[in-house]
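Tertiary structure, described
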Amino acid sequence: MKAKSLKHVMPDAKTENPLDARLRGELDQLRARALYRTRRVIEGAHGVRILVNGRECLNFCSNDYLGLAADPRLAAAAKAALDAGGTGSGAAALISGYNREHQALEEELADFLGRPRALLFSSGWAANLGVIRALAGRRDSVIADELNHASLIDGGRLSGAQYLRANHADLNAWAVALAAADGEQRLAVTDSVFSMDGDIAPLPQLADLCATRAATLMVDDAHGLGVLGPQGEGAVHAAGLGVTEVPVYVATLGKSLGCGGAFVAGSEALIEYLIQRARTWVFSTAPPPAIAAAARRALRIVREEPQHRERLLANVRRFRAGARQLGIPLSDSETPIQPLVLGQEQRALDLSQALFDRGYWVAAIRPPTVPHGTSRLRITFSAAHTAEQIDGLLEGLATGLK
Ligand SMILES: *Cc1c(COP(=O)(O)O)cnc(C)c1O
């Protein structure tokens, strides 16, 4: 009781510690600039119909592209693993945390992608940080697209390597940056599908450039895996590239696979090296085995049930055709990430709120996630959306933009 009442005591300028005083000032500034962020609490499943603050609405901002996050078959696989082996792995994989479920998932991922080996990480963030730091050091160079995911940017910075940024998907800029990179080894890093824009990197051309400059290409396929390619093998496979052209492949299990965690796939030597040197892997507890069991089930669904991917892409086409008819400005994206760029932060927040009031949840994306002046609604689609739901969203957008 006492602790609870203490929490509610209003801060007093005289007694507030210097840290809190500084943080409060910065928080006030974020509020004034429409950059303050808050969370909404979800009750139960993270599907298309989602219970937010006690109210059901339709989710158009998840990365659960195939609708697997709430699929009972994944939950059943996790439950069976929980019953058999409990919750925690208890230690890092190199100590005593490496479970048969982890091993099986790594083998099945490698097999699916046609790569010799895979290594499971607890998150995409951990994978990107760990891999880049392991592969690039002070004497090396990292060349990166300016719109790369924050984890790739941080990985590059933390590595201590010379860091060269190329304008987004600009092959000339990439050529210049690769030529300017004077490190002993050059690691070129790009998202496949850009997470806030939905466009796809020019992977074959980047692979060619890297080959001529003896640079190693690393691709983060977080939004391509399960979505692109004839069987959902992702953007790298869809571009006709293999382990020779793209030696370092990273993808996550928390998006189209509906689970959580991530993995790196590549050669025997790469994976063995990461096992020795990727600090975010070596010094981190192995993921719960049940999550690996669920991801194995998800991977089987991806392989055996192309209808989800087909429905997803049909949903994207329906949205784009409808938006064109209604005069809603579209970007060039053909993927399930469909941004509606609005510019000012407040404009994005207002439209997001207007849609939410109608029962459609589309998050407003603001700096620093996107560059200043490009605040947007990031609309994402799932195989589980119905045609009526998409039409309803289009109507809401058209009304909100008037
Ligand atoms: C989501 C995402 C990550 C981070 O993956 P987590 O598993 O959520 O930590 C990394 N890269 C890209 C491109 C992403 O979209």
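Everything discussed here concerns the structure shown above.
Residues numbered from 1 in each chain as written. Predicted model: local features only at pLDDT ≥ 70, side-chain atom pairs only at ≥ 80, totals over all residues. Heavy atoms only, no water.

1. Points about the environment of Val282
Inspection of the secondary structure puts Val282 in helix α12 (residues 279-282). Looking at Val282, the relative accessible area reads 17%, which means it is buried. Note: C-alpha distance between Val282 and Ala110 (172 residues apart in sequence) is 20 Å. Aside from chain neighbours lying at most four places away, what touches Val282 is Ala92, Leu94, Leu274, Ile275, Gln276 and Arg277. (Helix = DSSP H or I, 4+ residues; strand = E, 2+ residues; numbered from the N terminus. Buried < 20%, exposed > 50% of the residue type's maximum accessible area, 1.4 Å probe, protein only. Contact = heavy atoms within 4.5 Å.)

2. Here's the deal with the site of the ligand
Residues in contact with the ligand amount to 13 residues; listed here are only the nearest, Gly124, Trp125, Asp220, His223 and Lys255. In the environment of the ligand, a nitrogen atom lies 3.5 Å from a nitrogen or oxygen atom belonging to the side chain of His149. Alone, the ligand offers 380 Å² of accessible surface; in the complex the protein occludes 81% of this. By residue number, the principal contributor to the shell around the ligand is helix α6 (residues 124-135), which donates three residues. Residues that form the shell around the ligand fall into these classes: two nonpolar, eight polar and three charged. (Near = heavy atom within 4 Å. Polar contact = N/O pair within 3.5 Å; in protein donor to acceptor, adjacent residues only side chain to side chain. Areas by Shrake-Rupley, 256 points an atom, 1.4 Å probe, with all protein chains shown as cover. Nonpolar A, V, L, I, M, F, W, Y, C, P; charged D, E, K, R; others polar.)

3. So, the sheet that holds strand β12 (residues 360-361)
Pairing is mixed across the open sheet formed by four strands, whose spatial order is β1-β2-β3-β12. Of all the strands in the sheet, just β1 (42-43) and β12 have a single pairing partner and so form its edges. As paired elements, strand β2 (residues 49-52) and strand β3 (residues 55-59) share four bridges and run antiparallel to each other. Within the sheet, the bridge partner assigned to Leu51 lies in β3 and is Glu56. (Pairing = 2+ DSSP bridges.)

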